[in-house]
Amino acid sequence: MSWDVDAFVASLTATSVHTRSAYERDVRQFIAWADRGGCPRPEALDHTRLRRYLSYLTTRGFAKPSIARKAAALRAYLRFLRRHGVIAADPGRMLRAPKGPSRLPRVPRRSEATGLLERAAGPLPADAREAAIARRDLAVLEILYGAGLRVAECCGLTTADCELTRGALTVTGKGAKVRRLPIGEPARLALTDYLDLGRPVLSTAASPPDVVFLNARGRPLTPRDARRIVARHPLPDGRALHPHVFRHAFATHLLEGGADLRVVQELLGHSDLASTQVYTHLTRDRLRAVYDATHPRA
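Student: Outline the side chain of Arg150, supporting the account with residue identities and numerical values.
Tutor: Along the chain, the position of Arg150 falls in the loop between helix 6 (128-147) and helix 7 (151-155). Of the residues examined, Arg150 reaches a relative accessible area of 12% and is grouped as buried. A polar contact of 2.5 Å, which involves the side chain of Arg150, links it to the side chain of Glu153. Ignoring anything within four residues of it in the chain, the contact list for Arg150 reads Gly173, Lys174, Arg179, His244, Arg247, Leu268, Gly269 and His270.

Rendered as structure tokens:
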């Protein structure tokens with residue numbers, strides 16, 4: 001019987017492009033390992049062999065989160081094979097892998113995030129093209145922090161998604177889930193300024209007419225381009241950030257300001273509240289540090 005990886009990947013319609021790519025890579029790596037180990041057909045798989053594979057990954061030095069993702073890919077793949085009658089029973093149904101502790105990067109404080117954005121909004125270069133790039137960079141930074149978008153969501157914005165008079169964005173997130181988000185006045189103004197004065201300069205005849213953010217060649221901005229933009233705007237201590245840190249800061253600063261956890265969950269587009277609750281640990285740590293440093297009876 002065929003491993004049928006192409007059909008499995010095609011079935012992942014409710015997942016992001018990045019998830020499909022990761023799952024395909026993980027499954028093909030497992031098949032190559034199984035073939036080397038004398039298991040050339042899927043019907044020969046069993047739970048013991050799957051556990052042996054996870055142990056193999058551990059000996060190869062893979063981190064626990066990576067092993068957990070590979071286990072998730074295998075579970076999804078084996079469910080697919082079972083549904084399509086390739087295997088009679090699903091040996092991955094009880095497959096578990098340790099995730100390890102949830103770790104969040106250090107989140108910039110409110111003053112640090114505000115200072116970074118204020119510096120990015122400084123005087124524009126005299127050159128029209130450099131000024132257009134500066135307008136784009138500011139809009140990207142404001143949207144990442146002001147709406148808490150994933151970097152792929154930011155790069156995927158279209159002009160139809162932007163309701164600038166109402167200060168709102170329509171975002172398509174993981175699993176093709178759509179959410180409508182408010183944006184603050186700084187983000188609204190930066191995005192309006194970029195669309196009116198920056199994007200026309202960057203656009204070429206080959207540029208997609210509906211994509212909001214363009215790179216210097218007039219092509220749609222990619223997550224790698226966005227990472228370069230963020231890296232060009234470090235914190236005062238010189239620390240360069242990753243785009244996803246702005247999403248962490250968005251959630252953390254909302255919770256520190258008293259926002260309801262369920263509201264933050266909706267804004268982030270999390271299906272599971274547990275994904276949002278990780279930010280409460282971070283805010284508690286920060287509040288404890290402030291208390292210890294300032295209260296006379298701490």
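Student: Talk me through the packing of helix 2 (residues 17-36) against helix 3 (residues 47-59); I want residue IDs and the actual numbers.
Tutor: Running from N to C, helix 2 and helix 3 point in directions that differ by 105°, and their axes come no closer than 11 Å. Between helix 2 and helix 3, the interaxial angle falls into the category roughly perpendicular. Mapping the contact onto sequence places Asp26, Gln29, Phe30, Trp33 and Arg36 in helix 2 and Arg49, Leu50, Arg52, Tyr53 and Tyr56 in helix 3. Partitioned by chemical class, the residues of the contact of helix 2 with helix 3 number five nonpolar, one polar and four charged.

Student: Lay out helix 5 (residues 110-120) with the relevant residues and their values.
Tutor: Each turn of an α-helix holds 3.6 residues, which means side chains three or four residues apart point in the same direction. Those residues of helix 5 lying buried are Glu112, Ala113, Gly115, Leu116, Leu117 and Ala120. Those residues of helix 5 that are buried lie in contact with helix 6 and helix 10 (243-256).

About the criteria used
- Residues numbered from 1 in each chain as written.
- Predicted model: local features only at pLDDT ≥ 70, side-chain atom pairs only at ≥ 80, totals over all residues.
- Heavy atoms only, no water.
- Helix = DSSP H or I, 4+ residues; strand = E, 2+ residues; numbered from the N terminus.
- Buried < 20%, exposed > 50% of the residue type's maximum accessible area, 1.4 Å probe, protein only.
- Polar contact = N/O pair within 3.5 Å; in protein donor to acceptor, adjacent residues only side chain to side chain.
- Contact = heavy atoms within 4.5 Å.
- Axes fitted to C-alpha atoms, helices over the stretch in contact; angles between N-to-C directions.
- Parallel < 35°, antiparallel > 145°, perpendicular 65-115°, else oblique.
- Nonpolar A, V, L, I, M, F, W, Y, C, P; charged D, E, K, R; others polar.

Keep in mind these values describe shape, not function.
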